[in-house]
Amino acid sequence: MKILKIYFDHLTMFKDGIFELDLYASDKVPAADESVFELGRPIYTNNSIAFAGINASGKTTALNLLELACRIVNGYPVNGGSLPSSLASCFDAPSTFRCLVWHEGCMYLIESTLCDGAGESPEERGMGLVEETVSRIAGGSIKKSDLGSWDDLVSKSTLLYRRASAGEDWDDWTVLASPSISISAAVIKRHSGVRPKIILMRETGYRLQESFEGIDDVLRVFDSRIEHLEARDSGRAFLLQFTGGEPMLLSEEGLGEVLSSGTLRGLALVYRAMHVLDTGGYLLVDEIENHLNRQLVNVVLDLFAAADTNPHGATLVFTTHYPQLLDHIHRKDNVFFLARSVDDTAEVVKYSTRVKRIENKKSEVFVSNFIKGTAPRFVDVRALKSLVEKTVRHG
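Let me begin by describing the structure that accompanies this report.

The rules behind each value
Residues numbered from 1 in each chain as written. Predicted model: local features only at pLDDT ≥ 70, side-chain atom pairs only at ≥ 80, totals over all residues. Heavy atoms only, no water. Helix = DSSP H or I, 4+ residues; strand = E, 2+ residues; numbered from the N terminus. Buried < 20%, exposed > 50% of the residue type's maximum accessible area, 1.4 Å probe, protein only. Contact = heavy atoms within 4.5 Å. Core = buried A, V, L, I, M, F, W, Y, C linked by side-chain atoms within 4.5 Å. Polar contact = N/O pair within 3.5 Å; in protein donor to acceptor, adjacent residues only side chain to side chain. Phe/Tyr/Trp six-rings, centres within 6.5 Å; stacked < 30°, edge-to-face > 60°. Lys NZ or Arg CZ within 6 Å of the ring centre and 35° of its normal. Pairing = 2+ DSSP bridges. Axes fitted to C-alpha atoms, helices over the stretch in contact; angles between N-to-C directions. Salt bridge = Lys/Arg side-chain N within 4 Å of Asp/Glu carboxyl O. Parallel < 35°, antiparallel > 145°, perpendicular 65-115°, else oblique. Nonpolar A, V, L, I, M, F, W, Y, C, P; charged D, E, K, R; others polar.

### Let's talk about the overall build of the protein chain
In step 1: Per the secondary structure count, the protein chain includes 11 helices and 17 strands.
In step 2: The buried share among the 395 residues of the protein chain stands at 50%.
In step 3: Partitioning the intrachain contacts of the protein chain with sequence separation of at least 6 by distance along the chain shows that 62% fall at a separation of at least 24.

### Examining unusual backbone geometry
In step 1: For the bond from R41 to P42, the omega torsion is 10°, close enough to zero to count as cis.
In step 2: Within the secondary structure layout, P42 lies in the loop between β3 (36-40) and β4 (43-46).
In step 3: Positioned with a positive phi, D233 is a non-glycine residue whose angle comes to about 55°.

### Some details on helix α4 (residues 184-192)
In step 1: Taken residue by residue, α4 has S184, A185, A186, V187 and I188 as its buried positions.
In step 2: Just past α4, the residue G193 takes up positive phi, approximately 85°.

### Concerning the nonpolar core
In step 1: Core analysis: the largest hydrophobic core is formed by 48 residues, its most contacted members being I6, F8, F19 and F51.
In step 2: With nine residues, the single largest contributor to this core is helix α1 (residues 59-74).
In step 3: Discounting residues that sit within four places of it in the chain, F19 has contacts with I6, Y7, F8, L11, F14, F51, A62, L65 and V348.
In step 4: If you look at the next biggest cluster of nonpolar residues, it comprises 46 residues, including I215, F238, L267 and A339.

### Quick word on the side chain of E67
In step 1: Tracing the backbone through its elements, the reader meets E67 in helix α1.
In step 2: Polar contacts involving the side chain of E67 include one to the main-chain amide nitrogen of S82, which spans 2.9 Å.
In step 3: Setting aside chain neighbours within four positions, we find E67 in contact with G80, G81, S82, L83, L200, R202 and L284.

### Things to note about helix α8 (residues 294-304)
In step 1: Here α8 has its buried residues at L296, V297, N298, V300, L301 and F304.
In step 2: In this fold, the buried residues of α8 make contact with α5 (215-222), α7 (261-279), β14 (282-285) and β15 (315-320).
In step 3: Sitting at the head of α8, N293 places a side-chain oxygen 3.1 Å from the backbone nitrogen of Q295.

### Notes on the packing of aromatic side chains
In step 1: The final tally for this structure, using the stated rule, is seven aromatic pairs.
In step 2: Between Y7 and W150 the ring centres are 6.3 Å apart and the planes differ by 70°, which places this aromatic pair in the edge-to-face class. One end of the pair, Y7, is in strand β1 (residues 2-8); the other, W150, is in helix α2 (residues 150-155), and 143 residues separate them in sequence.
In step 3: We classify W150 as buried; its relative accessible area is 9%.
In step 4: Seen from their ring centres, F51 and F336 are 5.9 Å apart, and the 40° between their planes marks the pair as tilted. One end of the pair, F51, is in strand β5 (residues 48-53); the other, F336, is in strand β16 (residues 335-340), with 285 residues separating them in the sequence.
In step 5: An aromatic cluster of at least three residues, connected via ring pairs, comprises F8, F91 and F97.
In step 6: The residue whose ring lies beneath K5 is W150, and the NZ or CZ to ring-centre distance is 4.6 Å.

### Here's the deal with the sheet that holds β14
In step 1: Strand order across the open sheet formed by six strands is β10-β14-β15-β5-β16-β17, with mixed pairing between neighbours. Edge positions in the sheet fall to β10 (200-203) and β17 (346-350), since each has one partner strand and no second. Neighbouring strand axes in the sheet, compared pairwise and without regard to direction, differ in orientation by 15° on average.
In step 2: As paired strands, β16 and β17 are joined by five bridges and run antiparallel to one another. Among the inter-strand pairings, F337 is bridged to a residue of β17, identified as V349.

### A look at the pattern of salt bridges
In step 1: Across all of its chains, the model carries 15 salt bridges by this definition.
In step 2: When the shortest N-O distance is used, the salt bridge between E67 and R202 registers 2.5 Å. Taken as a pair, E67 in helix α1 and R202 in strand β10 lie far apart in primary sequence, 135 residues in all.
In step 3: When its relative accessible area of 3% is taken as the criterion, E67 is described as buried.
In step 4: Linked through salt bridges whose partners overlap, the residues forming this network are D33, R331 and D333.

### Description of the packing of α7 against α8
In step 1: One way to put it is that α7 packs onto α8 with a least axis distance of 11 Å and a crossing angle of 5°. Classed by the angle they form, the pair α7 and α8 counts as roughly parallel. For the pair α7 and α8, the contacting residues are L269, V270, A273, V276 and L277 in the first and V300, L303 and F304 in the second.
In step 2: Among the residues making up the contact of α7 with α8, the classes are represented as eight nonpolar, no polar and no charged.

Below you can see the structure in the form of structure tokens.
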């Protein structure tokens, strides 16, 4: 299953309360472009999605909302996973959630109403689903241009099920009994014969719990001195050997003292990337450049942009403070700027809708503040400089 686009409203930090994200390739797809994955012509998904923005512009919240969408579509509880318990506080009213997914040659349109405090028991308190509909769109009945409009998608869809009208024919009452679980996965399974499943991994730390085939080859990309590393006792102990040295048995803390944070972070990142590349899943990475130099980040980006290493159309979704990373991505429809609006809300700006010329460097567009709100405000920078001038002592 692949997500093509998502929508949430009533979000306090976003302009007009709306967060909307496209994961499909809206621009032209050349025949030699391996950074997209063909679902069924003319529909392709982008294999990488980038969010760039200054601090507190909503990048991490964007990842949280995408994870929430995946949990809804998978039929998982909407409260859990890597989602912070504070996510519900980002909404100021019941939120309409829309999601377009591709599964087994068909598109499905999911619309849910998310409400805070819908669960009655302590374990279900938090966000819940108070109403839902699932509709189907035949794969051959839609053009790529139709994907841009929710109204066009609704007009071409056929209602399959409504949560409120579930009758005696419904065979999964455990779903209906819990307001934190969507009916979408069960409905899609009934009509396709195959239960939808999105493999989602969130890059949240450096811990290695098990060894895997090729671990030493991965490590040497980040530290060429390493001969061998082996995890033991579920990651509570490690056997490490440098080239020409004796093996050392180390605790998790000891490993962190011997190897750099960049090496450990790079290993964890590639380990998770290999899993989603093998399954065609999604890898969400916050601040992908942390502890890694740009060339090593580019190595990870390239894994998702080549058919040999990404045969199943896995998707990397990452945030970054450093726009130079965006210049390594040749497409324009998979880059989103999180820009601060005049009223201090965040706006999700799709790069390709504002910049048409392919030769423009994305990093230059970002730092130039061509799209307003992608750089600190001049008045704030001037105030900071003035404060430092008054505070520091001159000789």
